[in-house]
Amino acid sequence: MTQTLTIRRPDDWHLHLRDGAVLEAVLPETARHFARAIIMPNLVPPVVTGAQAAAYRDRILAALPEGMAFEPLMTLYLTEDTDPADVAAAHASGLVKALKLYPAGATTNSASGVTDFDKVRPVLEKMAEIGLPLCVHGEVTDHDIDIFDREAVFIDRVLDPIRRATPGLRVVMEHITTSDGVDYVKSNNADLGATITTHHLIINRNHILVGGIKPHYYCLPVAKRESHRLALRAAATSGDARFFLGTDSAPHTDPNKESACGCAGCFTATNTMSCLAEVFEEEGALDRLEGFAALNGPAFYRLPANEATITLTRGDAVTYPDKIETGDGPVTVFDPGFPLHWSVSA
Ligand code: DOR
Ligand code: ZN
């Protein structure tokens, strides 16, 4: 008997679409299965004002192929110069759904991020007042902190103090990669949520480094040891509504990945739902996939869940292209390292 699973159409609560030729090529990969996505603002230059977010939203919608439905949920990149009044206006108009905090230098295109957290205090207070979520790239950038410890140290030194100083601030810890992140979310109230990526449920640091360096598995925060991957799997499949899908699908062209100084990012938009079905099946939690991918995120963002559905069907094997061609060069699709059996239809 064919096994099928129909769930509400999922959303991606953390997505990089880029701009120009890459945007055009990768947008259909997400819109094929997802209804909405929180769009990351780390363009060059970054999306820092409401006007820039409106213009970027227009470029995304213009790149959407005829007949595809997709709603980009816009974010602003928080800088030390962000104006609380601009943020409030962009939120009130319905345009902006979150602000993104990058510690300066933490990851791709984060040079305009925050160094002095006192300087963003007025914006954070305004956000707490209006209920606008802060999406956080949770890694310290201090050179003396080991890259594998940067998430745990960020929680202690930055995130917890910010949250204590700003009661009511709603925070999404983006792409958590450690049991420390899982535990921190679990020990707090519903003002704190976390996204988990597809790839962090599948790879640990051995996948990147054993048997030759695998640049397409390199992302930030970098995948950690196996015990952390298992903690993420347990959280994602637990049914706890504070954990939801944010793929962090982050296209870089192959020459930029396969380089002496390769860019961080895994491109998972194309096969994420098939990968997740495999993960949730392995964990005996297929009945919780809808919560993780389609219900918990809207609940956190105080948006309705989608009415449309997708159907996952288990069959012999599903294949996806190895690469997506873009006007700037090929982008390699994430290889989960195991066969996929769940196909997706709308
Ligand atoms: O791996 C990543 N890629 N992590 C990030 O935080 C940024 C992203 C990108 O923009 O490429
Ligand atoms: Zn990201």
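Before any of the text, the structure's been laid out above.
Computed from a prediction, not measured in an experiment: that's the story for all the values here.

1. Some remarks on the packing of helix α1 (residues 20-31) against helix α2 (residues 50-63)
Here is step 1: It is at 9 Å that the axes of α1 and α2 come closest, and there the two elements cross at 65 degrees. Our pair here, α1 against α2, has a crossing hand that is right-handed. Residues Leu 23, Glu 24 and Leu 27 of α1 pack against Arg 59, Ile 60 and Ala 63 of α2.

2. Overview of the coordination of the zinc ion (ligand 2)
Here is step 1: Donor atoms from the polypeptide that coordinate the zinc ion (ligand 2) comprise His 14 (NE2), His 16 (NE2) and Asp 248 (OD), at 2.0 Å from the metal.
Here is step 2: When its relative accessible area of 1% is taken as the criterion, His 14 is described as buried.

3. Describing the site of ligand 1
Here is step 1: Taken together, the neighbourhood of ligand 1 is formed by 14 residues, with Arg 18, Asn 42, Leu 220, His 252 and Ala 264 sitting nearest.
Here is step 2: A distance of 2.7 Å separates an oxygen atom of ligand 1 from a polar side-chain atom of Arg 18.
Here is step 3: His 252 has a polar side-chain atom sitting 2.7 Å from an oxygen atom of ligand 1.
Here is step 4: In isolation ligand 1 exposes 290 Å². Once the protein is present, 99% of that is buried.
Here is step 5: Each residue belonging to the shell around ligand 1 can be placed in one class, and the counts come to 4 nonpolar, 8 polar and 2 charged.

4. Brief notes about the side chain of His 200
Here is step 1: Locating His 200 in the fold gives a position in the loop between β8 (192-196) and α7 (205-209).
Here is step 2: By relative accessible area, His 200 is classed as buried at 2%.
Here is step 3: Only 2.8 Å separates the side chain of His 200 from the side chain of Thr 197, close enough to count as a polar contact.
Here is step 4: If sequence neighbours within four positions are ignored, His 200 has contacts with Thr 177, Cys 219, Pro 221, Val 222, Ala 223, Arg 229 and Leu 232.

5. Brief notes about the sheet that holds strand β9 (residues 243-245)
Here is step 1: The strand order across the open sheet formed by 8 strands is β2-β3-β4-β5-β6-β7-β8-β9, and the pairing between neighbours is parallel. At either margin of the open sheet sits one strand with a lone partner, and together these are β2 (12-15) and β9. Between one strand axis and the next, the sheet turns through 30 degrees on average, direction left out of account.
Here is step 2: Along the sheet, helix α11 (residues 289-301) contacts β2, β3 (36-39), β5 (96-101), β6 (134-136), β7 (171-173), β8 and β9; its crossing angle with β9, the most-contacted strand, is approximately 115 degrees.

6. Some thoughts on a negative patch on the surface
Here is step 1: A contiguous patch of negative charge on the surface is contributed by Asp 146, Asp 149, Asp 156, Asp 180 and Asp 183.
Here is step 2: Judged by relative accessible area, Asp 183 falls into the partly exposed class, the value being 45%.

7. Description of the pattern of salt bridges
Here is step 1: Scanning all chains against the criterion turns up 15 salt bridges.
Here is step 2: The shortest N-O distance in the salt bridge between Arg 36 and Asp 11 comes to 2.8 Å. Pair noted here: Arg 36 is in strand β3 and Asp 11 is in the loop between β1 (3-8) and β2, with a separation of 25 residues, a long-range link. Take Arg 36 and Asp 11: they sit in the same class, and that class is buried.
Here is step 3: Look at the salt bridges and you will find they share partners, linking Arg 233, Glu 282 and Glu 283 into a network.

Reading guide: rules and limits
- Residues numbered from 1 in each chain as written.
- Chains lettered and ligands numbered in written order.
- Predicted model: local features only at pLDDT ≥ 70, side-chain atom pairs only at ≥ 80, totals over all residues.
- Heavy atoms only, no water.
- Axes fitted to C-alpha atoms, helices over the stretch in contact; angles between N-to-C directions.
- Helix = DSSP H or I, 4+ residues; strand = E, 2+ residues; numbered from the N terminus.
- Left-handed = near helix turned anticlockwise from the far one by under 90°.
- Contact = heavy atoms within 4.5 Å.
- Donors = N, O, S within 2.8 Å, 3.2 Å for Na, K, Ca; no water.
- Buried < 20%, exposed > 50% of the residue type's maximum accessible area, 1.4 Å probe, protein only.
- Near = heavy atom within 4 Å.
- Polar contact = N/O pair within 3.5 Å; in protein donor to acceptor, adjacent residues only side chain to side chain.
- Areas by Shrake-Rupley, 256 points an atom, 1.4 Å probe, with all protein chains shown as cover.
- Nonpolar A, V, L, I, M, F, W, Y, C, P; charged D, E, K, R; others polar.
- Pairing = 2+ DSSP bridges.
- Patch = residues over 30% accessible without salt bridge, like charges linked within 9 Å, V, L, I, M, F, W, Y side chains within 5 Å.
- Salt bridge = Lys/Arg side-chain N within 4 Å of Asp/Glu carboxyl O.
- Lys, Arg positive; Asp, Glu negative; His and termini not counted.
- Charge placed at Lys NZ, Arg CZ, Asp CG, Glu CD.

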